[in-house]
Amino acid sequence: MKTLLKSIIQALFLVAALPLYILYLINLLIGDKDRVFSSFSQLFSLIPGQFGTYLRVAFFRLSMQTCNKDTVISFGTLFSQQNTEIEEGVYIGPQCNIGKCVIGAYCLIGSGVHILSGKAQHNFSDIDVPLKDQGGSFTKITIGEDSWLGNGAIVMANIGKKCVVAAGAVVVNDIPDYAIVGGNPAKIIKMRQ
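Residues numbered from 1 in each chain as written. Predicted model: local features only at pLDDT ≥ 70, side-chain atom pairs only at ≥ 80, totals over all residues. Heavy atoms only, no water.

Trainee: It is not clear to me how the overall build of the protein chain should be interpreted in this structure. Could you clarify?
Mentor: Secondary structure summary: the protein chain contains three helices and 16 strands in total. Taken against the 2.2 N^0.38 rule, which gives 16 Å for 193 residues, the C-alpha radius of gyration of the protein chain at 17 Å falls within 12% of a compact globule. By the burial criterion, 41% of the 193 residues in the protein chain qualify as buried. Summarising the internal contacts of the protein chain: among those between residues at least 6 apart in sequence, 30% fall at separations of at least 24. In the form shown here, the protein chain has an accessible surface area of approximately 10,200 Å², with 61% of it arising from carbon and sulfur atoms. (Helix = DSSP H or I, 4+ residues; strand = E, 2+ residues; numbered from the N terminus. Rg over C-alpha atoms; globule rule 2.2 N^0.38 Å. Buried < 20%, exposed > 50% of the residue type's maximum accessible area, 1.4 Å probe, protein only. Contact = heavy atoms within 4.5 Å. Areas by Shrake-Rupley, 256 points an atom, 1.4 Å probe, with all protein chains shown as cover.)

Trainee: I tried to follow the pairing of strand β15 (residues 179-182) on my own but got confused; where do I start?
Mentor: When a strand is regular, its side chains alternate between the sheet's two faces. Across two bridges, strand β13 (residues 164-165) lies against β15 in parallel orientation. By the bridge assignment, V164 is partnered in β15 with I180. Sheet analysis places β15 next to strand β16 (residues 187-191), joined by four bridges and oriented antiparallel. Bridge pairing in β16 places I180 opposite K190. In sequence, β15 turns back onto β16 through a hairpin of four residues, with G183 there showing a positive phi of about 100 degrees. (Pairing = 2+ DSSP bridges.)

Trainee: Sorry if this is basic, but what is going on with unusual backbone geometry here?
Mentor: The general pattern is negative phi for most residues beyond glycine and trans for most peptide bonds. The linkage connecting N184 with the following residue, P185, adopts the cis geometry, with an omega of -5 degrees. Look at Q95: it is not a glycine, yet its phi comes out positive at around 60 degrees. Along the chain, Q95 turns up in the loop between β5 (91-92) and β6 (97-98). According to the relative accessible area criterion, Q95 is exposed, its value standing at 54%. At D146, a residue that is not glycine, the phi angle is positive and equals roughly 55 degrees.

Trainee: Can you walk me through the packing of helix α1 (residues 2-30) against helix α2 (residues 33-45) in this structure?
Mentor: Each packed pair of helices is defined by two parameters, the angle between the axes and the distance between the axes. Following both chains from N to C, one finds α1 and α2 inclined at 150 degrees, their axes separated by 9 Å at the closest point. Here α2 runs roughly antiparallel to α1, going by the angle between their axes. The chirality of how α1 crosses α2 is right-handed. Mapping the contact onto sequence places L20, L23, Y24, N27 and L28 in α1 and K33, V36, F37, F40 and F44 in α2. Across the contact of α1 with α2, the residue classes tally to eight nonpolar, one polar and one charged. (Axes fitted to C-alpha atoms, helices over the stretch in contact; angles between N-to-C directions. Parallel < 35°, antiparallel > 145°, perpendicular 65-115°, else oblique. Left-handed = near helix turned anticlockwise from the far one by under 90°. Nonpolar A, V, L, I, M, F, W, Y, C, P; charged D, E, K, R; others polar.)

So, in structure tokens, the structure goes:
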């Protein structure tokens with residue numbers, strides 16, 4: 001009964017998100033895909049409570065590359081890239097900033113976590129060109145299934161499955177499966193196996 005009720009609520013919120021999704025599609029005709037997506041993400045991030053959680057997931061199910069219906073996306077969380085994938089059972093805490101990535105099934109993302117679109121988003125090699133004009137490249141980061149990213153972690157490299165990233169860790173290099181990492185830059189503390 002509880003599963004059926006939850007499915008009905010999810011369907012109702014999907015219908016409720018449709019008018020804003022249509023507005024989103026209209027804006028795509030005149031604007032850059034990721035800028036429009038980011039703007040709508042900002043709007044949805046400000047809706048509080050359980051109502052906001054259901055409405056955010058409904059909108060992102062329609063607009064993201066993939067967003068599973070059994071996801072929790074908390075208040076104040078921003079997404080900057082439409083090309084993001086969120087698999088089943090993911091919890092994303094409040095006030096996160098998430099770029100281009102794949103978040104595997106059953107991951108826990110703590111509060112204030114930043115997942116960047118790789119570590120080459122900004123070039124800075126030419127001192128005669130303003131930083132804002134030097135460009136960069138976005139890489140799709142993968143967070144392996146059943147991993148936990150502690151509060152305030154900054155991630156700019158891939159994380160394997162069943163990993164634990166300590167609060168405040170800065171991940172600049174790929175992390176293998178089953179690793180527990182911490183520090184700046186993040187280093188392996190021990191393995192879970």
